[in-house]
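# Understanding the architecture of this molecule
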Amino acid sequence: MNSERSSNGNLDVWSMPRTGIVWCECSEDHELTKEFVVNTMIEMGLHPVRQLTLDELIELTAAVWNYEEVCRFFVLAVEEAALHIHGHIDSSYPLQESLSIVGYFSKTWQGCPDEACSGLAN
């Protein structure tokens, strides 16, 4: 995978090409932005000045994708994104890494492989 890096060596997920499914169902195929994720976080009542727990990160990612419920495959994909961005699974993540984890997930999410989960997305 051709991973673009920012000047400080961290993965710049916002300039990565999307390899997963489209996150927005508006049919305009627009890219997810950091600003959209921050606004979603604020709408959820999460404070964009502190670390997010893993559970909050999963909840935020589900909200960005407009999923009311998520399956184990979704959780595993968020954890995989955390591994790429943070280096390991942790109980909480700094804000900028949290945003990048949501961005990486959203650029790479292939959807749930289990047909039983198809009804979970809103």
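Attention here is on the structure that accompanies the text. Small disclaimer: the values here were computed from a predicted structure and weren't measured.

## Side note on helix 4 (residues 95-108)
- Over its 14 residues, helix 4 runs 20 Å from end to end, which matches the ideal 20 Å to within 8%, given 1.5 Å per residue.
- For helix 4, the buried fraction is high: eleven of the 14 residues fall into the buried class.
- Among the residues of helix 4, those classed as buried are Leu95, Ser98, Leu99, Ser100, Ile101, Val102, Gly103, Tyr104, Phe105, Ser106 and Lys107.
- Where the residues of helix 4 are buried, they touch helix 1 (34-43), strand 1 (52-53), helix 2 (54-64), helix 3 (72-86) and strand 2 (92-93).

## Some remarks on the environment of Glu79
- Structurally, Glu79 is set in helix 3.
- Since its relative accessible area comes to 17%, Glu79 is described here as buried.
- Expressed as a C-alpha distance, the spacing of Glu79 and Asp90, which sit eleven residues apart in the sequence, is 9.1 Å.
- Leave out the neighbours within four places in its chain, and Glu79 touches Leu54, Arg72 and Ile89.

## Points about the pattern of salt bridges
- One pass over the full model with this rule turns up two salt bridges.
- The closest approach of N and O atoms between Lys107 and Glu31, which form a salt bridge, is 3.3 Å. Taken together, the residues span a long stretch of sequence, with Lys107 in helix 4 and Glu31 in the segment before helix 1 at a distance of 76 residues.
- By relative accessible area, Glu31 is classed as partly exposed at 40%.
- For Arg50, the salt bridge is made with Glu56, and the minimal N-O distance between the two is 2.8 Å.

## Details of the nonpolar core
- By size, the foremost hydrophobic cluster in this structure holds 33 residues, and its most contacted members are Leu60, Val64, Phe74 and Ile101.
- Those elements giving two or more residues to this core turn out to be helix 1, helix 2, helix 3 and helix 4.
- Apart from the residues lying within four places of it in its own chain, the contact partners of Leu60 are Val37, Thr40, Met41, Met44, Leu46, Leu52 and Val102.

## Examining helix 3
- For helix 3, spanning 15 residues, the distance from its first C-alpha to its last is 20 Å, which sits close to the expected 21 Å at 1.5 Å a residue.
- Where helix 3 is concerned, the buried positions are Phe74, Val75, Val78, Glu79, Ala81, Ala82, Ile85 and His86. Take helix 3 and look down its axis: the buried residues cluster within an arc of 155°, on one side only.
- Taken together, the buried residues of helix 3 touch helix 2, strand 2 and helix 4.

## Let's talk about unusual backbone geometry
- The phi angle at Asn66 is positive, at roughly 60°, despite the residue not being glycine.
- Summarising the element assignment, Asn66 is placed in the loop between helix 2 and helix 3.
- A relative accessible area of 45% places Asn66 in the partly exposed class.

Here is what the cut-offs are and how they apply
Residues numbered from 1 in each chain as written. Predicted model: local features only at pLDDT ≥ 70, side-chain atom pairs only at ≥ 80, totals over all residues. Heavy atoms only, no water. Helix = DSSP H or I, 4+ residues; strand = E, 2+ residues; numbered from the N terminus. Expected span 1.5 Å × (residues − 1). Buried < 20%, exposed > 50% of the residue type's maximum accessible area, 1.4 Å probe, protein only. Contact = heavy atoms within 4.5 Å. Salt bridge = Lys/Arg side-chain N within 4 Å of Asp/Glu carboxyl O. Core = buried A, V, L, I, M, F, W, Y, C linked by side-chain atoms within 4.5 Å. Arc of directions from axis to C-beta.

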